[in-house]
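Residue-level structure breakdown
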Amino acid sequence: MTRRRVHAVSLLALLLLFFLPQSRAQTPPERAAASRLIGEVFANGQQLSYVSALSDRIGSRLTGTANARRAEEWAEGEMKRLGLVNVRREPYRMAASWERGPASAALVSGGNNRPLAVASYTWTPGTEGPVEGEVVDVGAGRPEDVRRVASQVKGRIALVVPEGADLDSVIYNFYRAAGLVRELKDAGARAVLLAADKPHSILYTAPVEFTATGKLAALPTVSLAREDVLLLRRLLSQNQTPRIRLDVHNRIGGAFDATNVVGEIRGSGLADELVVVGAHLDSNDLGPGALDNGAGSGAVLETARAIKALGLRPRRTIRFVLFTGEEEGMVGSIAYVERHRAEMDKTVAALVMDIGAGRPQGWFSMGRTDLDAEIRELSEPLAQFGDFTIEHAAFAATDNAPFMAEGVPNLILIQDETPYFPVHHTIADTPDKIEPRDYASAVAVFASTAYAIADRPQRFGRRLTADEIKRMADETKVGDQWRAAGIWK
Ligand SMILES: [Zn+2]
């Protein structure tokens, strides 16, 4: 065993002797710069302080709230302090504002007045005074579940227990919510209880409708703590008829302007070509959004900081964009693409980070098999971070989606999602969930890949034609999501 290992080591040394000097001599400059960026992120990276500034000092950042505005101002200030150029906040209109008010619920049947833990889903209406009703179990809330109980829903409060907590299920449930609540309203339900899938009474939130149009959910919709869900289901299984009182107050206001925060490092030879490096600055409002998406915002700013600190200048312009309105259905990135549509031919790629601070595992290439060879080549110098996968699945779940619909090559960093989904959109999404080395690895991979794409002599992939986009949208079904989100009108 030992002898074999020694043999293997000496063989490796011999191989290195033969190949290292040669390959080093051939290292293209963009690759050397990418390696220096990795070193800079590990040695001096500020990503954790960026997350702390957003999560600890500002807190939750629901678009349209005072905190979101503070975050936009802070990000603009940071970009200026880093020496980025063309730093600006680009406004776009949101049709309504929303702020959480108090919400309470109680089990009132069987002589009880027992409090239940609830929190509104965002952009949902209040109850306009307490409402009471018997609970009807709508299972996982799929269309067939609603059809099965439709005749029993009238005047009642619907309990839905969405299934699954992996990325695919989260996306399914996210897109299903608006239709589900509308169907329940049509069947006569008074309100909806959506089971939180998190342990220990942790509540979850998300929008129900995409709010690009300023639409509220069709019914008051609250997250119900898992333990209370199980209580209701036990009572139902014993043929009890649990009756709930729900009292929800949310403040809904008029139209307002939110802003995306933008800054650039101008390129040297191909300055009119752009690489967009983005993440969303906003968060949901139950927690301070450390992983979702303080971590991505921190990665965008650290990419800018590290490039400036090393005095690097890529061939192409890198445009750093901190989007807002992502949690309402990618409203900010949709507005960005509308505003910059004339630049889409010159937008070489859009890189987005939005799966928290877990270690990097590869790239989602969003239906693009034609980018495989180039992604592999870009990932070669990153072998120290493990094996990278390329996943071709296409879905609209974060700010790359409007770029995808324009045919612009777009990548999401795949990260270990195990630290992410247990706290995503909850009060527990705090900086202590970040493992610093894993996060630094993710930031290093994100920064060095963005730089390499901006600096390599040849363009990264190409923009798809309208026909190719349509074919890809049909084949992957992402077109349905683009329509639901208002990306495709
Ligand atoms: Zn996010």
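In the block above lies the structure referred to throughout.
Residues numbered from 1 in each chain as written. Predicted model: local features only at pLDDT ≥ 70, side-chain atom pairs only at ≥ 80, totals over all residues. Heavy atoms only, no water.

What follows deals with the coordination of the zinc ion. Ligation of the zinc ion by protein atoms is provided by His280 (NE2), Asp292 (OD), Asp354 (OD) and Asp354 (OD), these donors lying 1.9 to 2.6 Å from the ion. If you look at the zinc ion, its four donor atoms make angles of 53 to 146 degrees with each other, and the shape they trace is irregular. Between consecutive donor residues of the zinc ion, the sequence gaps follow H-x11-D-x61-D. Of the two residues, His280 is situated in strand S11 (residues 270-280) and Asp292 in helix H8 (residues 290-309); the sequence distance between them amounts to 12 residues. (Donors = N, O, S within 2.8 Å, 3.2 Å for Na, K, Ca; no water. Tetrahedral: all angles 85-135°; square planar, octahedral: opposite > 155°, others 65-115°. Helix = DSSP H or I, 4+ residues; strand = E, 2+ residues; numbered from the N terminus.)

The subject of this paragraph is the pattern of salt bridges. All chains considered together, the criterion is met by 35 salt bridges. For the salt bridge of Glu132 with Arg243, the shortest nitrogen-to-oxygen distance reads 3.0 Å. Taken as a pair, Glu132 in strand S5 (residues 131-137) and Arg243 in strand S9 (residues 243-253) lie far apart in primary sequence, 111 residues in all. Taking the relative accessible area as the measure of exposure, Arg243 reaches 31% and is therefore partly exposed. Glu406 is the partner of Arg463 in a salt bridge, and the nearest nitrogen-oxygen pair spans 2.7 Å. Of this pair, Arg463 sits in the loop between helix H12 (436-455) and helix H13 (466-476) while Glu406 sits in the loop between helix H11 (401-404) and strand S16 (410-415), placing them 57 residues apart in sequence. By relative accessible area, Arg463 is classed as partly exposed at 24%. Residue classification places Glu406 among the buried residues on the basis of a relative accessible area of 11%. Each member of the salt-bridge network shares a partner with another, and the members are Arg88, Glu90, Glu264, Arg266, Arg319, Arg339 and Glu343. (Salt bridge = Lys/Arg side-chain N within 4 Å of Asp/Glu carboxyl O. Buried < 20%, exposed > 50% of the residue type's maximum accessible area, 1.4 Å probe, protein only.)

Across the sheet, which stays open at both edges, the eight strands sit in the order S1-S10-S12-S11-S13-S16-S14-S15 with mixed pairing between neighbours. Each of the sheet's edge strands pairs with one partner strand only, and the pair in question is strand S1 (85-94) and strand S15 (389-391). Looking at each pair of strands side by side, their axes are set apart by 25 degrees on average, direction ignored. In the sheet, strand S14 (residues 360-364) pairs with S15 via three bridges, with the strands oriented parallel. (Pairing = 2+ DSSP bridges. Axes fitted to C-alpha atoms, helices over the stretch in contact; angles between N-to-C directions.)

This brings us to the pairing of S16. When you tally the buried positions in S16, you get six out of six residues, the bulk of the element. Neither face of S16 is open: one carries Asn410, Ile412 and Ile414, the other Leu411, Leu413 and Gln415, and all of them are buried. The pairing of strand S13 (residues 347-352) with S16 spans three bridges and is classified as parallel. Bridging across to S16, Leu351 finds its partner in Leu411.

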